[in-house]
Amino acid sequence: MGKLTSKAGIAFLAFFLATTLFAIEVPLKYEKYPDEPRSFLPSGFAQLNIRPRDAPLPGEPWTLPHLNTENPVYAFAKIGDKERLFILDIQNANDPFYNRLYFDANGNHNLRDDPVIDAISTSSADGRSSNVRFPAVDTAVEVDGKSLPYSFRPVIWGFSSQISRLKIDSQNLSRLLSFRLQSNCSYSAEFQVDGRKYRLILGDKNCNGRFAEPLTFDERYKFLRLDKIIGPVRINIFARGDSIYITSDEKNLMMSKY
């Protein structure tokens, strides 16, 4: 798979079709998802490691915004070539749960020169926990030294009733709060083979700003010996890697892995 460029890139697609191997070069088109998709769109997510205020931030000095909560939550995510910092905050001093987000969009260690991201909805099914949705974040990421557009949606969930009355520390934070990023874009292409039209979609399965990561397996499967297993057994093997979706019919989509 070739590298994406700032002009939507070139994909070198090799696949079997009608028992014959074809190598096709097709241009890729970047597509940001609408707020309410009406058709299939590949998705992916990244679960972020979160830390409380008392955990020091690594790297060079940071310029941080004024925060309204005494218990902000920090998280780092590698998007493209760089680690980016996120901070969860509240909009007003009496808000019971996190509903404001700061994001170091340009990667300059200064969160005061980036737009403030406020939640678009907060819901609670049981009165104890809350789900918070933020609007799509559109940014530019560096991938192999090239600047590319990228879009993701932050989503947080947590026990709001406990967070509002407990002191947040490293031991209880991951138990009380979950912070993830959901991919909100993909690359697509259309091409023809033997007069038949096909559509290709590349999905960012782990929401890290890259769309061409190869299939890999977890290290714990390295020593798995299927020939030593006696009797029926079910083994769930989870793979990492981005996704390719190919279809010649919008109603019939085939998924494959790099």
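Basis of the calculations
Residues numbered from 1 in each chain as written. Predicted model: local features only at pLDDT ≥ 70, side-chain atom pairs only at ≥ 80, totals over all residues. Heavy atoms only, no water. Helix = DSSP H or I, 4+ residues; strand = E, 2+ residues; numbered from the N terminus. Buried < 20%, exposed > 50% of the residue type's maximum accessible area, 1.4 Å probe, protein only. Contact = heavy atoms within 4.5 Å. Areas by Shrake-Rupley, 256 points an atom, 1.4 Å probe, with all protein chains shown as cover. Salt bridge = Lys/Arg side-chain N within 4 Å of Asp/Glu carboxyl O. Phe/Tyr/Trp six-rings, centres within 6.5 Å; stacked < 30°, edge-to-face > 60°. Lys NZ or Arg CZ within 6 Å of the ring centre and 35° of its normal. Disulfide = S-S within 2.5 Å. Pairing = 2+ DSSP bridges. pLDDT = per-residue confidence, 0-100.

Caption draft 1: Examining the overall build of the protein more closely. When its secondary structure is counted, the protein shows two helices and 20 strands. When burial is assessed residue by residue, the protein has 43% of its 258 residues classed as buried. Within the protein, contacts between residues separated by at least 24 positions form 55% of all contacts whose residues are at least 6 apart in sequence. On the protein, roughly 15,000 Å² of surface is accessible, and the fraction owed to carbon and sulfur atoms is 50%.

Caption draft 2: Spatial organisation of the pattern of salt bridges. Counted by the stated rule, this structure contains eight salt bridges. A salt bridge links Asp81 to Arg210, with the nearest nitrogen and oxygen atoms 2.5 Å apart. Of this pair, Asp81 sits in the loop between β6 (73-79) and β7 (82-89) while Arg210 sits in the loop between β16 (196-203) and β17 (216-217), placing them 129 residues apart in sequence. Residue Asp81 is classed as partly exposed on the basis of its relative accessible area, which comes to 30%. The class for Arg210 is partly exposed, based on a relative accessible area of 22%.

Caption draft 3: Region of interest: unusual backbone geometry. A positive phi angle, near 55°, is found at Asp144, a position not held by glycine. Its place among the elements puts Asp144 in the loop between β12 (137-143) and β13 (146-158). On the basis of relative accessible area, Asp144 is assigned to the partly exposed category, the value being 43%. In this structure, Cys207 takes a positive phi of about 50° despite not being glycine.

Caption draft 4: Structural context of the packing of aromatic side chains. Taken as a whole, this structure holds 13 aromatic pairs when the rule is applied. Look at Trp157 and Phe159: their rings are 4.9 Å apart centre to centre, the planes differ by 70°, and that puts the pair in the edge-to-face class. Clustering of aromatic rings is evident, with ring pairs tying together Tyr30, Phe86, Phe103, Tyr150, Phe152, Phe179, Tyr187 and Phe211. Over the ring of Phe45 we find Arg180, and its NZ or CZ is 4.0 Å from the ring centre.

Caption draft 5: Quick peek at the environment of Cys207. Considering the arrangement of structural elements, one finds Cys207 in the loop between β16 and β17. Sequence-wise, Cys207 and Ser151 are 56 residues apart; in three dimensions their C-alpha atoms are separated by 9.4 Å. When near neighbours in sequence (up to four residues on either side) are disregarded, Cys207 contacts Gly44, Phe45, Ala46, Tyr150, Phe152, Leu181, Gln182 and Ser183.

Caption draft 6: Expanded view of the side chain of Ser129. Locating Ser129 in the fold gives a position in the loop between β10 (121-123) and β11 (130-133). Judged by relative accessible area, which is 7%, Ser129 ranks as buried.

Caption draft 7: Highlighting the state of the cysteines. Counted under the stated rule, the structure contains zero disulfides. Cys207 provides the cysteine sulfur closest to Cys185, a residue in no disulfide bond, and the two sulfurs are 7.8 Å apart. Among the residues examined, Cys185 registers a relative accessible area of 0% and is labelled buried. Judged by its relative accessible area of 2%, Cys207 is buried.

Caption draft 8: Here's a closer look at the sheet that holds strand β5 (residues 49-51). An order of β5-β6-β7-β8-β9 is seen for the five strands of this open sheet, with the pairing classed as antiparallel. Lying at the two open borders of the sheet, with one neighbouring strand each, are β5 and β9 (117-118). Looking at chain direction, β6 and β7 are connected through seven bridges and run antiparallel. Among the inter-strand pairings, Tyr74 is bridged to a residue of β7, identified as Ile87.

Caption draft 9: Local environment of the confidence of the model for the protein. Of all residues in the protein, 75% attain a pLDDT of 70 or more, and the chain-wide mean is 80. Within the model, the stretch residues 1-20 combines pLDDT values under 50 with 48 contacts to residues more than four positions away or in other chains. With pLDDT under 50 throughout, residues 253-258 is counted as low confidence; its partners more than four residues away or in other chains account for 27 contacts.

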